[in-house]
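Next come the chains, spelled out residue by residue.
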2 protein chains.
Amino acid sequence: MQLAGSKGACSDCSLFSLCLPKGLDDEHVRRLDEILQRQRPLRRGDVLFREGDGFRAVYAVRAGALKTYTISRDGEEQVTGFHMPGEMIGLDAVSLGEHPCEARALETSSICEIPFPELEELARAIPDLQRQLLRLMSKEIFQDHEMLHALARRNAEERLAILLLNFSERFARRGLSATRFRLPMSRSDLSNYLGLAPETMSRLFRRFQEQGWLHSRGKEITLKEPASLERLAGHCQERPCGRPTLSGPSSAD
Amino acid sequence: MQLAGSKGACSDCSLFSLCLPKGLDDEHVRRLDEILQRQRPLRRGDVLFREGDGFRAVYAVRAGALKTYTISRDGEEQVTGFHMPGEMIGLDAVSLGEHPCEARALETSSICEIPFPELEELARAIPDLQRQLLRLMSKEIFQDHEMLHALARRNAEERLAILLLNFSERFARRGLSATRFRLPMSRSDLSNYLGLAPETMSRLFRRFQEQGWLHSRGKEITLKEPASLERLAGHCQERPCGRPTLSGPSSAD
DNA sequence: CGATGGTTTGACTTACCTCAAGAACAGTGG
DNA sequence: CCACTGTTCTTGAGGTAAGTCAAACCATCG
């Protein structure tokens, strides 16, 4: 898997298809991959796009992790999302025609650029793709609503529990352990995202650790009692679809 | 404008086109209106769809107002949005295939149902429509991010200021006064949406009134010093696009 | 190695919630 | 039109979760 220059068809990665709910057949995936542009890898701290940049493409994360955030007039930032491999960035820019947020690599990351005009064109040709694209955006709306709920109604402990389980699920979906993982972002990014002070975040981790619910050493997290976290996350996390829980003897790692 | 039965082409309302950013030509709007289904008007408290209902259509509000909300396991509700004439409901259901929230009329409301399969089909045939549809969903994501920011970083006063200005703008877009309007929802719906206690909402209105920033009599609101509200909303409300502000000698009413 | 920025910890403050009691309001039926 | 009833709204008193401030600690990195 040689990492070539900044451009060129990205034929070895059908990564984009990972971002989309299943249902596209192989031929379609091939045509998709043809329009992908590979970018040179980003290093920790590198900016993928800035707020106000013209919107030309969406981006699929191949490896690493990024955060997106807006910057308010007084310079403070608000983290709007974390983006892991197999996830998509930039869909919120379609409407304005420019990026309403900034995207920055949390660690060395590899990105596929998907020029949007081509994607739209292809979606017209492939009904399935159109459907998947709409589904993808809808999912983001839906997840934002869950997050709104968390911020509006849940206390600090519940918010952290929800977030940890969310990450756990996302790691698991990539075939990684659901109970042992490395959070690529800083505590202050986490706290910022959850609408809390960094100090509160720190105290929460300590409390969770004292309860024996998890072990955290820097960015390395081990969930020891996912069931307790799920009880906390409780109400709001219940999904209509029978998503498997982590509780009980975990199959992970 | 005779209100017919529950079905039939809704040719007098090109309302759906209102929901979409401008840019569709007349012929397209006509074809769109052909697939619209008119629903019998909803009365205050009527449910448009429930959480978990199968997703078959999205809905455009013609008149009145609705709220959408999720219900957590313990029965408490979280308002996820208010929907005014010219706005769309149900886009968050595309991904799951069922509605993740419940929609209820806040007052007597008239709704157009837009069967989603037909809409997708039409979007395939009309590239412009496809683009507008994507743009519409993107806008919702973008607005949710703004709301996330508000809930995470702003205090109670700022949240209310932001919300009031938001409504003001939405009324203005419909050609109504930006400074005198009637909020169709209860104080507790407002507070719920903003992640506050109803009591706090009540105190906020009093405080704003004491400051002379607005006059409120029940659901009737008069903004007297939009500039002060804008100062409060401040940082987060600044949009890159030069959206006209309300401050200065208002042109409204 | 010291410099820099993230993290932890403690002491203190405060914005908002909770609880509880009235007041205003909206239906509903006489 | 007026009582009657159930909501929604308002107001006050008091408690608490989380923020702020400040200092110590720790990792990373030139």
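Predicted model only: the values in this text are computed from it and were never measured.

Cut-offs and rules
- Starting from 1, residues in each chain are numbered consecutively following that chain's sequence as written.
- As a convention, the first chain written is A and the first ligand written is 1, with the rest following in written order.
- In keeping with the model being predicted, local features are shown solely for residues with a pLDDT of at least 70 and side-chain atom pairs are shown and tallied solely at 80 or more, while totals for entire chains, interfaces and linings include all residues.
- Each side-chain value is derived from all of the structure's non-hydrogen atoms; neither hydrogens nor water enter the calculation.
- Contacts between residues were defined by any pair of non-hydrogen atoms, one from each residue, lying within 4.5 Å.
- Summed over both partners, the accessible area (1.4 Å probe) lost when two parts come together is defined as the buried area.
- By definition, a salt bridge exists where a carboxyl oxygen of Asp or Glu is found within 4 Å of a side-chain nitrogen of Lys or Arg.
- Whenever a nitrogen or oxygen atom comes within 3.5 Å of another N or O atom, the pair is scored as a polar contact, on the condition that within protein one atom can donate a hydrogen and the other can accept it, and that pairs from neighbouring residues in sequence are kept only if both atoms are in side chains.
- Only runs of H or I of at least four residues qualify as helices and only runs of E of at least two qualify as strands under DSSP, and these elements are numbered from the N terminus.
- Between 30 and 60 degrees the pair is tilted, below 30 it is stacked and above 60 it is edge-to-face, where a pair is any two Phe, Tyr or Trp rings, Trp via its six-membered ring, whose centres lie within 6.5 Å.
- Note on classification: 1.4 Å probe, protein chains only; a residue is buried when its accessible area is under 20% of the maximum for its type, exposed when over 50%, partly exposed between these limits.
- Counted as over-ring charges are cases with an Arg CZ or a Lys NZ within 6 Å of the ring centre that also lie within 35 degrees of the ring normal.
- Proximity is defined per residue: if any heavy atom of the residue lies within 4 Å of a molecule or strand, that residue is considered near it.
- Gly is put with the polar residues, along with every residue not named as nonpolar or charged; the nonpolar set is Ala, Val, Leu, Ile, Met, Phe, Trp, Tyr, Cys and Pro, and the charged set is Asp, Glu, Lys and Arg.
- The superposition of copies rests on a least-squares fit of C-alpha positions from residues with pLDDT of 70 or more in both.
- This arc is taken over the directions from the axis of the helix to the C-beta atoms.
- Pairing between two strands is assigned when DSSP locates at least 2 bridges connecting them.
- Every axis in this analysis is a line fitted to C-alpha atoms, fitted for helices over the stretch in contact. Angles between the N-to-C directions lie between 0 and 180 degrees.
- Angles are sorted into four bins: roughly parallel if under 35 degrees, roughly antiparallel if over 145, roughly perpendicular if 65 to 115, and oblique for all others.
- Each helix crossing is assigned a hand: it is left-handed if the near helix lies turned anticlockwise from the far helix by less than a right angle, otherwise right-handed if that turn is clockwise.

Some details on the interface of chain B and chain A
Logical step 1: In this assembly, 49 residues from chain B lie in contact with 48 residues from chain A.
Logical step 2: Roughly 4900 Å² is buried in total at the junction of chain B and chain A, and carbon and sulfur atoms are behind 59% of that figure.
Logical step 3: Run the count over chain B and chain A and you get six salt bridges.
Logical step 4: Between A:Glu76 and B:Arg153 there is a salt bridge, and its shortest N-O distance comes to 3.9 Å.
Logical step 5: Viewed at the interface, chain A and chain B are joined by 20 residue pairs in polar contact (both at pLDDT 80 or more).
Logical step 6: Listed by contribution, the elements that provide at least two residues to the side of chain B that touches chain A are β4 (66-71), β5 (77-83), α3 (116-125), α4 (127-153) and α8 (226-237) of chain B.
Logical step 7: With 20 residues, α4(B) is the largest single contributor of residues to the side of chain B that touches chain A.

Brief notes about the packing of aromatic side chains
Aromatic ring pairs: the centre-centre distance and the angle between the two ring planes describe each pair.
Logical step 1: For the coordinates displayed, the defined rule picks out 14 aromatic pairs over all chains.
Logical step 2: With centroids separated by 6.5 Å and ring planes inclined at 35°, the aromatic side chains of B:Phe167 and B:Phe171 adopt a geometry described as tilted. Taken as a pair, B:Phe167 and B:Phe171 lie in helix α5 (residues 156-173) at a separation of four residues, close to a single helical turn.
Logical step 3: The buried category is assigned to B:Phe167, whose relative accessible area is 0%.
Logical step 4: A network of ring pairs unites the aromatic residues A:Phe82, A:Phe167, A:Phe171, A:Phe181 and A:Tyr193 as a single cluster.
Logical step 5: One residue, B:Arg187, lies across the ring of B:Phe205, its end atom 4.1 Å from the ring centre.

Some details on the protein's contact with DNA strand D
Logical step 1: Taken together, 16 residues lie near DNA strand D, and A:Asn155, A:Ala156, A:Thr200, A:Arg203 and B:Arg206 sit nearest.
Logical step 2: Among atoms of DNA strand D positioned within 4 Å of the protein, sugar and phosphate together represent 58%.
Logical step 3: Interatomic distance of 2.3 Å between a side-chain N/O atom of A:Thr200 and a phosphate oxygen of DNA strand D.
Logical step 4: Take B:Arg187: an N or O atom from its main chain is 2.9 Å from a phosphate oxygen of DNA strand D.
Logical step 5: Counting residues per element, the ones that place at least two in the surface near DNA strand D are α7 (198-210) of chain A together with α6 (187-194) and α7 (198-210) of chain B.
Logical step 6: In terms of residue count, the dominant contributor to the surface near DNA strand D is α7(B) (four residues).
Logical step 7: For the surface near DNA strand D, a count of residues per class yields three nonpolar, six polar and seven charged.

Some remarks on the relation of the copies chain B and chain A
Logical step 1: Least-squares fitting of chain B to chain A yields an RMSD of 0.0 Å, with the transformation described by 0.0 Å of translation along the axis and a rotation of 180°. Given the turn and translation reported, the copies of this chain are related as if by a two-fold rotation axis.
Logical step 2: The overlap is high: 98% of the interface residues of chain B also sit at the interface in chain A, so the same surface is used on both sides.

Let's talk about helix α2 (residues 26-35) of chain B
Logical step 1: Of the positions making up α2(B), those classed as buried are B:His28, B:Val29, B:Leu32, B:Asp33 and B:Ile35. On an axial view of α2(B), the arc spanned by its buried residues comes to 155°, and they lie on one face.

Focus: the protein's contact with DNA strand C
Logical step 1: Contacts to DNA strand C come from 16 residues, most closely from A:Arg187, A:Arg206, B:Asn155, B:Ala156 and B:Thr200.
Logical step 2: Within 4 Å of the protein, the atoms of DNA strand C are drawn from sugar and phosphate moieties in a proportion of 65%.
Logical step 3: At a separation of 2.6 Å, a phosphate oxygen of DNA strand C approaches a polar backbone atom of B:Ala156.
Logical step 4: Between DNA strand C and B:Glu199, the relevant distance is 3.1 Å, taken from a base nitrogen to a side-chain nitrogen or oxygen of the residue.
Logical step 5: Those elements that provide at least two residues to the surface near DNA strand C are α6 (187-194) and α7 of chain A together with α7 of chain B.
Logical step 6: Here the element with the most residues in the surface near DNA strand C is α7(A); it accounts for four residues.
Logical step 7: Its residues placed into classes, the surface near DNA strand C shows three nonpolar, six polar and seven charged.

Let's talk about the pattern of salt bridges
Logical step 1: One pass over the structure, following the stated rule, counts 30 salt bridges over all chains.
Logical step 2: The salt bridge partner of B:Arg154 is A:Glu76, with a shortest N-O separation of 3.8 Å. With B:Arg154 in the loop between α4 and α5 and A:Glu76 in the loop between β4 (66-71) and β5 (77-83), this pair bridges two chains.
Logical step 3: A salt bridge links B:Glu77 to B:Lys67; the nearest nitrogen and oxygen atoms lie 3.0 Å apart. With a gap of 10 residues between them, B:Glu77 in strand β5 and B:Lys67 in strand β4 connect regions that are remote in the sequence.
Logical step 4: With relative accessibility at 26%, the residue B:Glu77 sits in the partly exposed group.
Logical step 5: Classification of B:Lys67 as buried rests on a relative accessible area of 9%.

Observations concerning the sheet that holds strand β1 (residues 37-38) of chain A
All names here are of chain A.
Logical step 1: Pairing is antiparallel across the open sheet formed by four strands, whose spatial order is β1-β8-β3-β6. Strands at the two margins of the open sheet, each flanked by one partner only, are β1 and β6 (88-89).
Logical step 2: Bridge count between β1 and strand β8 (residues 110-115): two bridges; the pairing is antiparallel. Residue pairing in the sheet places Gln37 in a bridge with Glu113 of β8.
Logical step 3: In the packing of helix α3 (residues 116-125) onto the sheet, contacts are made with β3 (57-63) and β8, and the angle to β8 comes to roughly 65°.

Regarding the packing of α5(B) against α6(B)
All names here are of chain B.
Logical step 1: Relative to each other, α5 and α6 sit at 115°, their axes nearing to 11 Å. Judged by the inter-axis angle, α5 sits roughly perpendicular to α6. Judged by the twist between their axes, the crossing of α5 over α6 is right-handed. Across the interface between the two elements, Arg159, Leu160, Leu163 and Phe167 of α5 pack against Leu190, Tyr193 and Leu194 of α6.
Logical step 2: Across the contact of α5 with α6, the residue classes tally to six nonpolar, no polar and one charged.

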